[in-house]
Structure formats: structure tokens, C-alpha cells
Number of protein chains: 2
Amino acid sequence: MKLSTDSAAIQNVLTRRVDRVVGDLAARLASGKQLRIKLGMDPTSPDLHLGHAMQLRKLREFQDMGHKIVLIIGDYTAMIGDPSGKSKTRPPLTKKEVDANAKTYLAQAGKILDIKKVEVHKNSEWFSKLKFLDVLALTTKFTVARMIERDDFEKRLAAGTDVHMHELLYPMMQAYDSVMLKADVEIGGTDQMFNILAGRELQKKSGMAEQCCMFLGPTLVGTDGVKKMSKSLGNYVGITDAPDEMFGKVMTVPDALLRDWFSLTTDVMPAEVDALLAAGKNPRDAKVRLAREIITQYHSAKAADAAEARFVQVFKNKEVPDDVPTIALKAGQTSLIAILVEAKLAASNGEARRLIAEGGVRVAGEVQKDIAATVVVGKTPILIQKGKRHFVNIQSE
Amino acid sequence: MKLSTDSAAIQNVLTRRVDRVVGDLAARLASGKQLRIKLGMDPTSPDLHLGHAMQLRKLREFQDMGHKIVLIIGDYTAMIGDPSGKSKTRPPLTKKEVDANAKTYLAQAGKILDIKKVEVHKNSEWFSKLKFLDVLALTTKFTVARMIERDDFEKRLAAGTDVHMHELLYPMMQAYDSVMLKADVEIGGTDQMFNILAGRELQKKSGMAEQCCMFLGPTLVGTDGVKKMSKSLGNYVGITDAPDEMFGKVMTVPDALLRDWFSLTTDVMPAEVDALLAAGKNPRDAKVRLAREIITQYHSAKAADAAEARFVQVFKNKEVPDDVPTIALKAGQTSLIAILVEAKLAASNGEARRLIAEGGVRVAGEVQKDIAATVVVGKTPILIQKGKRHFVNIQSE
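Residues numbered from 1 in each chain as written. Chains lettered and ligands numbered in written order. Predicted model: local features only at pLDDT ≥ 70, side-chain atom pairs only at ≥ 80, totals over all residues. Heavy atoms only, no water.

Considerations on the overall build of chain A
- Across its full length, chain A carries 18 helices and 13 strands.
- Considered along the principal axes of its C-alpha atoms, chain A spans approximately 80 × 45 × 40 Å.
- Put simply, chain A has 397 residues, and 49% of those count as buried.
- Accessible area of chain A: about 18400 Å², with a carbon and sulfur share of 52%. (Helix = DSSP H or I, 4+ residues; strand = E, 2+ residues; numbered from the N terminus. Buried < 20%, exposed > 50% of the residue type's maximum accessible area, 1.4 Å probe, protein only. Areas by Shrake-Rupley, 256 points an atom, 1.4 Å probe, with all protein chains shown as cover.)

Given below as C-alpha cells:
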């Protein structure tokens, strides 16, 4: 493939959804030399969401220009987990689990990247060969002051929160990855600034060309409208979510975030976004458009049509409020009675039975009068309605 | 050998030349169980001086009570040296150099310890087997705050002086030595407090009995009267120094330090020391006694006699001042003329020749009138005198 040195394309890759760039990336892109663009992935939670997609989409832009994408699977540290006990969500993983997660990750990344052209490495390739002495030699290249000046370390130390010694080694490891891969560019979120700059530093100390650092931003805030999108916070849209699930989640995005979501998760042109969000326009229409764009990216335009149709069929003219709470239940076939009790729409099985028999319960918009009725709880939220004004979405845990 | 649980012996080992003890050492010594007493040695500079001897003599006390002495040769870190560039005196050592230094060290330690009964380990025995992952697992047991609260780290960080990452790993390594050796007691100077306590901590985290920590003190100040005895400062008496060298060096100890020197380097009883240092006594006599004690320990009483005799012969009634400067010259046979010029006793070769011919120069107390005379420069200082009032000691570099 011929390398693109088109100045408009370069300008675009350097600025769109980019917070800042460190290094002479513009010049390197214009040089006509194929660059090695590095992205590290954490194989502890392989389910990618739209936050991760920002990075992968940026890689795709580089890939389309003819550059080499290099993905690093951080399997070596995943095997140690987080033994400080701070994060219960990060137990050590076995090699088998890491491999399975990496496979899942790559399959998902393949929705965005041309994965056949991607170079993939696990960092155990080099770290498993290091002896203690090699590690010591590596640590001589970093000063303690430099490491703890990392914003979150400094804050945690000031607050008296434990920072464990191994955490100081992680940036060094990420930096060493860049040395081993001879990365020309590393990309990541602004929260990765320290680690990515450490790679630049270590490359210099190792006598090689320093990688350019590209920090993407702004940060994609999740559907809760408050925090950075994260699987553990449950405020995410997964790139493998079913179309209906995507549609439902996007419809819950707070109006104030719509502009950012259009900008960060779609390629809809700013002028068009302005029109969609103009005063007097119904934000719901903008959300439908946003949902369609996202579903089209990760499934297809046809899937977007179908999801929209189902959504309209279920919700239109039902006066469903915007803030329907979601309740997580065990996946699988569940009696409607149990669901009403668990969702606190009924105080007892007896009340639930009476409500159903009286025709006061709707499932996905349809009245359900069979007290023996069951609902299959899955990833797609299902709307349960009691009377005119009580709604919950149920969904598998 | 039967273990001594004699309470006077226990009291003595616990208090004499001891700054403080952490842990239930008194109870353990009284238990009748043989204890493992650990001392780490740095194989980068194998020449032991009286400062090191304080530690070895304490070990000898334990050994005489029947306990097991365990010496650790810190060969693993010696192979990395100090690549931070702070210390030019600590280049990385090869395995061969480490082995040679360790051999020298043990030969010297054998002047104090019954070396056949000592258990000796190199810490490469366990560190060379550690993988990076093991190191990471180990680092999870230490917090950054704990490490940098070490007095010298904190001061250096506050002063903006570089502390390199590997320096943070050294205390962890010393602590791991204690785990691997199942040490019951570790001894060291008060400057080793943090590292030795880290061993106690890591043993606890590893589910084993915590070692007791014995910190020796006060610190032995060198012959300069100012700084801790240290080879690199040149203010030391080496335990392999020749008797005359020991004698000469001890005679330069400032009067104010004599009490400490008696207490820290000899077993002369306090009452006797009081008598030697009483008002009106000549400090020179106390120094002669101190020198004799030290030479007797590391050579023999006969060697002490001979050294004293030579000293008296050379110096008596010569009105040699106490503060004769020492000048280091290239070892080997050297012309007296060159020596006078290098020692700045003569401004030129011509002046030196004239001084000698006129009988104004003494070598080791004897007038030397031969302008072709040579002197063999070696480790033993040789007194060169010009006229009545100008003296220098010359010695090999």
C-alpha cells in the first residue's frame, strides 16, 4: 500500500479527537516513511466499549494512511493482577485466560481495524526473558522523583493512600515495550500521558529515535453523564452490544453530552450536528440519529433500521419517561411474578399475581394478563410497566 | 557446642557497643535455641577496617555463645554497580572479581570469627533464579511511602538529588535475604536501620518469625576525628594493616576520640580507660596503649612490642609534632631529591640537593647526607624531616 502524505489527511489525523501531540509527528508523517503506531491493551477486561473505540478508530486512520499498527497485549502484568487488594476487579489471570481475552479483544478490534495488517505482540515475549539483574539495570534509568511526580501517585501519596512498589514499575514496563517494538508513535488517553512519555524517555536513553506521543481527547463521558466511560461503572456502550441494546443505551445519554458523543463516537460533520442540536429541536431525534450512526458502525445500516423500528414500536406514544431505571437480574427465563417483586413493582407474589390478572402489567409495551408468563432476561433491556406511571428496564447482570 | 544462656553473657551481647535492639532478642537468647545471626557484606571493597570489625566482633560474641553466624555476600547487586554515576568508586564487578573479593573478605573475617563454623551464602543463589514476575510479586509487598520515608531518600528527594529506582529495590533485596536465610537476628550499623527493619517486615508478610534487629553504635569516627571510618575517606585502620602502619595511624587519633576508640575497638575495661585518660596523663601514652591493643588483636602481642619499639626509636625525643601531614606518592624506590620536591619541602631539585648535602634532611629520624639516596615508598608511612620543624609522612598511594 502506498503511504499517504496528503496534507489534509495528516492534518486530520493530527487534530481530530486529539488532545495533544508530543514530538515531530507532522514531519514524520510527511516523510513518506511507514511509521509503527503502538497501542497497548490490557487483557484483563476484553469487552471493548466506545471509549476504547476512540483509540482504535484513530489507529484506523493511521492504517488507512498506510502505517503499521502494532498492538501490545499486556499479558505479563495481567498475570500478577493487583495484589495490593485495591481493585477486586483485577485478580491475577492465568495464561489461558489471558490468551482467551486477547483473542476476544482482537476479534473486537477487527470491527474497526483491518486486523490482518496489524502486528500483535504480547509483552511476555520480552519480559519473561528478563532476569532480576536486567530489571535492576532498567530501573537505574528512572528516578524516583520522576515516577512519583505522576499526578495520581503524588495525590495518593499526599492522601496517605498506599502506592505499592510494583505500580512504580508499570510505567517502566510500558516504556520498555516501546523500546522493544521500536515504536514511532504511541497513542492513548490523556490519563496515559506519564506512561507514554516514559516510553519516549527510555527510547532516548536507549539511543534510539524517540516515539511521538499522541493523546486523544476529550475523554468520552459515559451514559451516566458524569464519569469516564468504563465497564466497571456500567455507563458504557459495548462495541459488541446487540443493536437494540445500543439503541436503548444511547437513548439514555444526557442531552448535554450529545455534542461530545457525536464528535467522539461518530464521523457526523459538525455542521450537521449543529443542525440536529439547534434550539427548538427535540433531543430525542438527535439521540435516534446518534444511535443509528453507532449501530451502523458496529453492525450495519440495516441493523440500525431494525433497532429504530423496534424502539419506535415499543416506545412511541407510550409516554415512557426518559429516566427509566434499569434493574439487573440473573440471566435466563424468569417468571413475570418474580420479576415484578424483584423490581419492587409489587410488594409480594400475591400482589404481583393480582396486578397481572387485572391487566395492569405491560412487558415491552404489551399487556400481559397470564400470571404464568415468563420473560427471558438477557443483555437487551426489556421494559416492564406497572399501571400508567411505573417503569423499569430489566437486563441480565 | 553447648549454647550459653548465661544471663551475664546475654546482658553483655545485648548492650555492649549496641545502640538498640528491636524484637524479643533477650527472650530468644534465653530460650536455649540456636539462633541464626545474619550479617550482610558488600563485596565491592573487601578491605576490612576497625568499623567493620565492630560488627564481626559482635558476631564473635554470638558465636562464642553457640549461635550460628550467617554471612551474606551481596554479589548480585555488586554486579550491577552503581550506574547512577553518583559513586565513581562503585563500578560493576565481574563474577570473578566478586569471588576474589569474597575470598579476601572471608580471610579477613577469619581474624575475628571462627570461620569454619560460619555459614556463607551469596545472594545470587536466590536472586539469579528470580524472574521479573517474581520481582513484581515481591514489590507488591512494599509501599512507596514506606520506602521513601527512609531518611536519606527523603532528604535527597527534598534536595532534588536523584534517587534512582533501583535504589528503592535494594532494601527489598536485603529483606528478601533474611527471608531466604530464615534469619533470627540481623546486625548492622544504625545507618542500616531501614534495610534491616524491612527484613523484619517482609518475614512477617511471608508468614515466618520476624528477625530481631541489632543496631551497633555509636559509630566509629575515623582517624580524621570528623567522619565515620571509611576506606574511601582514608581515615581508617585496616585490620590487615602492618603493625607499624597500625601504630602510626593510631598515634594520629585525636585525643578527644580516645575514649570511644577504646570502647569500640578494644575490650579494655572502662575503669582502666578512665585511668589512662585521667587529667594530667599524657594522651600519647593512652594512644600507645590503644595501638598495642589493636595490634595484639589483629597480629600478636609480640608484633605490638616490636611496633612500639620501632615507633619509640624513631620518634622519641625528636619532637615530632602530632599533626604531621601524610603525602601519598607512587609506590617503589624513589630518589630522596624527588621526594623532597614532591612533598614541597624543597622548591627545586637544586634546593633539595643542597638541603641533603648540608645535613638538613632526616629520613625516619636519621640524617641522610647522600644526595643520591633513595627511599622505598610503601604502605608504612616514612617520616621525612627538613630542619627542625618541617615534617611529612610519605606513603604509597
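As for the side chain of Gln55 of chain A
All names here are of chain A.
- With respect to the element layout, Gln55 can be found in helix α3 (residues 50-64).
- Looking at Gln55, the relative accessible area reads 19%, which means it is buried.
- Setting aside residues up to four positions removed in sequence, Gln55 forms contacts with Leu39, Ile187, Gly188, Gly189 and Leu216. (Contact = heavy atoms within 4.5 Å.)

Some details on the packing of aromatic side chains
- One pass over the structure, following the stated rule, counts ten aromatic pairs over all chains.
- Judged by centre distance (5.8 Å) and plane angle (35 degrees), the ring pair of Phe132 of chain A and Tyr76 of chain B falls under tilted. Placement of Phe132 of chain A in helix α7 (residues 132-139) and of Tyr76 of chain B in helix α4 (residues 75-78) is noted, with the two residues assigned to different chains. With respect to class, Phe132 of chain A is no different from Tyr76 of chain B; both count as buried.
- Across the ring face of Phe142 of chain A, the terminal group of Lys205 of chain A is positioned such that the distance to the ring centre comes to 5.9 Å. (Phe/Tyr/Trp six-rings, centres within 6.5 Å; stacked < 30°, edge-to-face > 60°. Lys NZ or Arg CZ within 6 Å of the ring centre and 35° of its normal.)

Focus: the sheet that holds strand β9 (residues 361-363) of chain A
Residues and elements named next belong to chain A.
- Pairing within the open sheet is mixed, and its five strands lie in the order β7-β13-β12-β9-β10. Looking at which strands have only one partner, the edges of the open sheet turn out to be β7 (326-329) and β10 (366-367).
- In this sheet, strand β13 (residues 390-396) lies alongside strand β12 (residues 382-386) in antiparallel orientation, the contact comprising five bridges. Each residue of the ladder has a partner; that of Lys386, found in β13, is His390. (Pairing = 2+ DSSP bridges.)

Describing the environment of Pro171 of chain A
- Within the fold, Pro171 of chain A resides in helix α10 (residues 165-181).
- Residues Pro171 of chain A and Met147 of chain A, 24 residues apart in the sequence, show an inter-C-alpha distance of 8.1 Å.

What to know about the relation of the copies chain B and chain A
- At an RMSD of 0.2 Å, chain B and chain A line up after a rotation of 180 degrees and a shift of 0.1 Å along the axis. When the rotation and shift are considered jointly, the pair of chain copies conforms to a two-fold rotation axis.
- In this assembly, 100% of the residues forming the interface of chain B have copies in chain A that are likewise at the interface, indicating an isologous arrangement. (Least-squares fit on C-alpha atoms with pLDDT ≥ 70 in both.)

Remarks on the pattern of salt bridges
- Within the structure shown, the criterion is met by 66 salt bridges over all chains.
- A salt bridge links Asp267 of chain B to Arg57 of chain B, with the nearest nitrogen and oxygen atoms 3.1 Å apart. One end of the pair, Asp267 of chain B, is in the loop between α13 (258-265) and α14 (270-276); the other, Arg57 of chain B, is in helix α3 (residues 50-64), with 210 residues separating them in the sequence.
- A salt bridge links Arg354 of chain B to Glu358 of chain B; the nearest nitrogen and oxygen atoms lie 3.4 Å apart.
- Exposure remark for Arg354 of chain B: the relative accessible area of 42% places this residue in the partly exposed category.
- Owing to a relative accessible area of 54%, Glu358 of chain B belongs among the exposed residues under this scheme.
- Several salt bridges converge on common partners, so that one network encompasses Arg16, Arg17, Arg57, Lys58, Glu61 and Asp267 of chain A. (Salt bridge = Lys/Arg side-chain N within 4 Å of Asp/Glu carboxyl O.)

Quick notes on the environment of Arg284 of chain B
- Of note, Arg284 of chain B is situated in helix α15 (residues 283-298).
- With 72 residues separating them in the primary sequence, Arg284 of chain B and Ile356 of chain B have C-alpha atoms 31 Å apart.

Focus: helix α18 (residues 349-357) of chain B
Residues and elements named next belong to chain B.
- Listing the buried residues of α18 in full gives Ala352, Leu355 and Ile356. The buried residues of α18 all sit within an arc of 95 degrees when viewed along its axis, so they share a single face.
- Its buried side turned inward, α18 meets α17 (336-342), β9 (361-363) and β12 (382-386). (Arc of directions from axis to C-beta.)

Details of the confidence of the model for chain A
All names here are of chain A.
- With 95% of its residues at a pLDDT of at least 70, chain A reaches an overall mean of 89.
- By mean pLDDT, the top-scoring element of chain A is strand β6 (residues 212-216) (97), and the lowest-scoring one is helix α9 (residues 151-158) (81).
- Among the scores for the predicted complex, ipTM is 0.71 and pTM is 0.74. (pLDDT = per-residue confidence, 0-100.)

Here's the deal with the sheet that holds strand β5 (residues 185-189) of chain A
All names here are of chain A.
- Spatially, six strands are ordered β1-β6-β5-β2-β3-β4 in an open sheet, and the strand pairing comes out mixed. Since the sheet does not close on itself, it has two edges, and those belong to β1 (18-22) and β4 (119-122), each with one partner. The sheet shows a mean angle of 25 degrees between the axes of neighbouring strands, taken without regard to direction.
- One ladder, built from six bridges, connects strand β2 (residues 36-41) with strand β3 (residues 68-73); its direction is parallel. Counterpart to Lys38 in the pairing with β3 is Val70.
- Helix α5 (residues 95-109) rests against β2, β3 and β4 of the sheet, and its axis sits at about 150 degrees to β3.
- Contacts between α10 and the sheet are confined to β2, β3, β4 and β5, with β2 contributing the most and set at about 145 degrees to the helix. (Axes fitted to C-alpha atoms, helices over the stretch in contact; angles between N-to-C directions.)

Some words on the pairing of β3 of chain A
Residues and elements named next belong to chain A.
- In terms of burial, β3 is largely enclosed, as five of its six residues are buried.
- A crossover links β2 with its parallel partner β3, the connecting element being α3, and its sense is right-handed.
- Sheet topology places β3 next to β4; four bridges connect them, and they run parallel. Within β4, the position partnered with Ile72 by the bridge is His121. (Right-handed = clockwise from strand over helix to strand, strands pointing away.)

Digging into the interface of chain B and chain A
- Contacts between the two partners involve 32 residues from chain B and, on the opposite side, 32 residues from chain A.
- Buried surface at the junction of chain B and chain A, summed over both partners, amounts to about 3000 Å²; 83% is from carbon and sulfur atoms.
- Of all residues in chain B, Phe132, Val144 and Met165 of chain B bury the most surface against chain A, accounting for 26% of the area lost on that side.
- Linking chain B with chain A are zero salt bridges.
- If you look at where chain B meets chain A, you find six residue pairs in polar contact (both at pLDDT 80 or more).
- When residues of the side of chain B that touches chain A are traced back to their parent elements, those giving at least two are α4, α7 (132-139), α8 (144-148) and α10 (165-181) of chain B.
- At seven residues, α10 of chain B tops the list of elements feeding residues into the side of chain B that touches chain A.
- In terms of residue class, the side of chain B that touches chain A is made up of 24 nonpolar, six polar and two charged. (Buried area = accessible area lost by both parts, 1.4 Å probe. Polar contact = N/O pair within 3.5 Å; in protein donor to acceptor, adjacent residues only side chain to side chain. Nonpolar A, V, L, I, M, F, W, Y, C, P; charged D, E, K, R; others polar.)

Details of the side chain of Gln108 of chain B
- Looking at where Gln108 of chain B falls in the secondary structure, it is placed in helix α5 (residues 95-109).
- For Gln108 of chain B, the contacting residues outside a window of four places in its chain are Pro46, Asp47, Leu48, Ile239 and Thr240 of chain B.

Notes on the packing of α3 of chain B against α15 of chain B
Residue and element names in this part refer to chain B.
- Orientation of α3 relative to α15, taken along the N-to-C sense of each, is 60 degrees, at an axis distance of 14 Å. One finds that α3 runs oblique with respect to α15. Relative to α15, the crossing made by α3 is left-handed. Only Ile294, Gln297 and Tyr298 of α15 make contact with α3, whose side of the interface consists of Leu50, Ala53 and Arg57. (Parallel < 35°, antiparallel > 145°, perpendicular 65-115°, else oblique. Left-handed = near helix turned anticlockwise from the far one by under 90°.)

Comments concerning unusual backbone geometry
Residue and element names in this part refer to chain A.
- Going from Gly217 to Pro218, the amide bond is cis rather than trans, its omega being 5 degrees.
- Mapped onto the fold, Pro218 is located in the loop between β6 and α12 (243-250).
- A positive phi angle, close to 60 degrees, is found at Arg17, a residue other than glycine.
- Relative to the helices and strands, Arg17 resides in the loop between α1 (7-15) and β1.

So, the packing of helix α12 (residues 243-251) of chain B against α15 of chain B
Residue and element names in this part refer to chain B.
- Packing of α12 against α15 brings their axes to within 9 Å, and their N-to-C directions diverge by 145 degrees. The chirality of how α12 crosses α15 is right-handed. Along its contact with α12, which presents Pro243, Met246, Phe247, Val250 and Met251, the element α15 presents Arg284, Lys287, Val288, Leu290, Ala291, Arg292, Ile294, Ile295 and Tyr298.
- Of the residues contributing to the contact of α12 with α15, the split by class is eleven nonpolar, no polar and three charged.

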